[in-house]
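# Coordinate analysis (summary)
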Amino acid sequence: MNFEDYRGVWVFIEEKDGIIAEVALELLGAGRRLADKRKTQLSGVLIGDQVTGLAQTAFEYGADCVYVYDDPIYRFYRTETYMRAMLACVEKYKPEILLYGATSTGKDLASAVATDLPTGLTADTTQLDVEEDTGLLLASRPAFGGNIMATILCKKYRPQMATVRPKVMKALQRVPGRIGEIVEESIPITEEDIRTKVLEIVRATTQRARIDEADIIVSGGKGLGGPAGFQLIHQLAETLGAAVGASRDVVEAGWIGHHHQVGQTGVTVTPKIYFAVGISGAIQHIVGMQNSGLIIAINKDPAAPIFQSCHYGIVGDALEIVPMLIEGFKAALG
Ligand code: FAD
């Protein structure tokens, strides 16, 4: 493998319903920094149906070039179609670094592409850097239960690929009107070539905000005692217009679904306000919420580790305190 042939930093521009995923904009910010350090181009790969217009948004967030696969066959994400497009693009233009958001789509695509290319994939990265002279990507992620950060290198193969957690990188300030190059690409692919058919799309029925997008999150832990106690978390969230988060133990107990789990094996969140109610503050939870703007913890144990990671702490029984907060907030918010 001749490393000289591989140039540029690429970002998979994840899109849904005509909107670019936040994480793709964040990755353009991170990718820009890497590309500048390597004195190379930052490119996006945009795959979808009627998506070419979105390339302009990618330019305004830092991309120099966008490879576009625009075809009705890409209307819904399917591993096979997207993987084939991405593989064709990588084989034709040979990027040095290729980043994907660690969303369900990004993780699926990255792992499928990695099985076909003779290279590795660092999953769930939270820090990225590059060695200026060698171009070696320094992809770091928590390891051993979040107790250490491991920096993973891909020394022998190209491209160097990583999935990156949403909300940990910063998008650049948008520069309206910034221009770049659109490269229209296509591959010979028809519906008949694809084994997976999309028969129906069932949208999630919940009206609640998603935890990765919410400004306020009310998270509950095992200290709520059971599903009945956990209802208080829903009620407080409802009062504040907040999303509901949870510790892993709560998810494993079946009180709420996995997509509400905050932490190392859940979602990394950075809301403006984070309530941790009846959560002990295990490191695996803390790594997923420690960058929140304001952290308020409620725990009956004054020695609970969560109090080391919060801005305000209330020591007491959550089953008594949360109803008082609901009442107080309701009165204040009208
Ligand atoms: P507990 O640790 O049981 O804490 C309950 C807390 O509630 C205690 O502090 C107690 O004092 C308090 N309490 C009890 N009663 C009351 C009351 N009436 N009022 C107020 N407070 C009360 N965890 C995550 O959350 N997210 C992850 O992504 C995650 N990933 C993991 C990955 C690995 C590889 C491993 C090994 C673990 C992971 N964990 C994760 C689990 C983590 O280590 C903890 O076990 C978990 O976070 C504990 O959940 P908890 O705080 O709800 O429960």
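In this text, all values refer to a predicted model and were calculated from it rather than measured experimentally.

### Observations concerning the overall build of the chain
- Along the chain, the regular secondary structure elements total 8 helices and 17 strands.
- Here the C-alpha radius of gyration of the chain, 22 Å, is about what a compact globule of 334 residues would show, namely 20 Å.
- Seen along its three principal axes, the alpha-carbon backbone of the chain occupies a region of about 65 × 45 × 40 Å.
- Looking at the 334 residues of the chain, the share that counts as buried comes to 50%.
- A total accessible area of about 16300 Å² is found for the chain, and carbon and sulfur atoms account for 51% of it.

### Concerning the site of the ligand
- Taken together, 24 residues lie around the ligand, and Lys222, Ser247, Thr265, Ser280 and Asn299 are the ones closest in.
- With respect to the ligand, the side chain of serine 247 contributes an N or O atom lying 2.6 Å from an oxygen atom.
- Separating an oxygen atom of the ligand from a side-chain N or O atom of histidine 285 is a distance of 2.9 Å.
- Within the complex, 77% of the 990 Å² of free accessible area of the ligand lies under protein.
- Those elements that provide at least two residues to the shell around the ligand are helix 6 (248-252) and helix 7 (283-286).
- Looking at side-chain class alone, the shell around the ligand contains 4 nonpolar, 14 polar and 6 charged residues.

### A short note on the nonpolar core
- Counting residues in each nonpolar core, the largest one holds 32 residues, and the members touching the most others are Ile13, Leu28, Leu46, Val66, Leu99 and Leu128.
- The greatest single-element share of this core, amounting to 8 residues, is contributed by helix 1 (residues 22-38).
- Excluding its chain neighbours within four sequence positions, the residues that come into contact with leucine 128 are Ala30, Arg33, Leu34, Leu99, Leu137, Leu138, Ala139, Val164 and Met169.
- Judged by nonpolar contacts, the second largest core, of 29 residues, contains Trp10, Cys89, Leu109 and Met161.

### Structural notes on the sheet that holds strand 15 (residues 273-277)
- Read across the open sheet, the 5 strands follow the order 14-13-15-16-17; overall the sheet is parallel. Two strands lie at the open edges of the sheet, namely strand 14 (243-246) and strand 17 (312-315), each paired on one side alone. The sheet shows a mean angle of 20 degrees between the axes of neighbouring strands, taken without regard to direction.
- With 5 bridges connecting them, strand 15 and strand 16 (residues 294-299) associate as parallel partners. In the strand pairing of strand 16, phenylalanine 275 is matched with isoleucine 296.
- Most of the contacts of helix 8 (residues 318-333) go to strand 16, to which it runs at about 135 degrees, and overall it touches strand 15, strand 16 and strand 17.

### Focus: helix 4 (residues 104-116)
- The terminal C-alpha atoms of helix 4 lie 19 Å apart, and with 13 residues this matches the ideal 18 Å at 1.5 Å per residue to within 8%.
- For helix 4, every residue scored as buried is listed here: Thr105, Gly106, Leu109, Ala110, Ala112, Val113 and Ala114.
- Next to the buried residues of helix 4 lie strand 1 (9-13), helix 3 (79-93), strand 6 (97-101), strand 7 (121-125) and strand 11 (160-164).

The rules behind these values
The residue count restarts for each chain, going from 1 along the sequence in the order it is written. pLDDT decides what is reported in this predicted model: residues at 70 or higher carry local features, side-chain atom pairs at 80 or more are listed and counted, and totals for whole chains, interfaces and linings draw on all residues regardless. The side-chain figures draw on all heavy atoms in the structure; neither hydrogens nor water molecules are used. Only DSSP runs of H or I with at least four residues qualify as helices, and only runs of E with at least two residues qualify as strands; both kinds are numbered from the N terminus onward. To get the radius of gyration, use the C-alpha atoms; to get the globule rule, take the number of residues to the power 0.38 and multiply by 2.2 Å. Each residue is assigned to one of three classes by its accessible area relative to the maximum for its type, calculated with a 1.4 Å probe on protein chains only: buried under 20%, partly exposed between the two thresholds, exposed over 50%. Using the Shrake-Rupley algorithm and a 1.4 Å probe, accessible areas are obtained, with residue cover drawn only from the displayed protein chains. When we say a residue is near a molecule or strand, we mean one of its heavy atoms is within 4 Å of it. Here a polar contact is taken to be a pair of N or O atoms separated by no more than 3.5 Å, where protein atoms must pair a possible hydrogen donor with a possible acceptor and residues adjacent in sequence count only if both atoms sit in side chains. For this scheme, ten residues count as nonpolar: Ala, Val, Leu, Ile, Met, Phe, Trp, Tyr, Cys and Pro. Four count as charged, namely Asp, Glu, Lys and Arg, and the remainder, Gly too, count as polar. Definition of nonpolar core: a set of buried residues of the types Ala, Val, Leu, Ile, Met, Phe, Trp, Tyr and Cys, connected through side-chain atoms within 4.5 Å. Here a residue-residue contact requires only that any non-hydrogen atoms of the pair lie within 4.5 Å. Strand pairing is assigned whenever DSSP identifies at least 2 bridges connecting the two strands. Here an angle of 0 to 180 degrees is reported between the N-to-C directions of two axes, which are lines fitted to C-alpha atoms, with helices fitted over the stretch in contact. Given a helix with a known number of residues, its expected span is that number minus one, times 1.5 Å.

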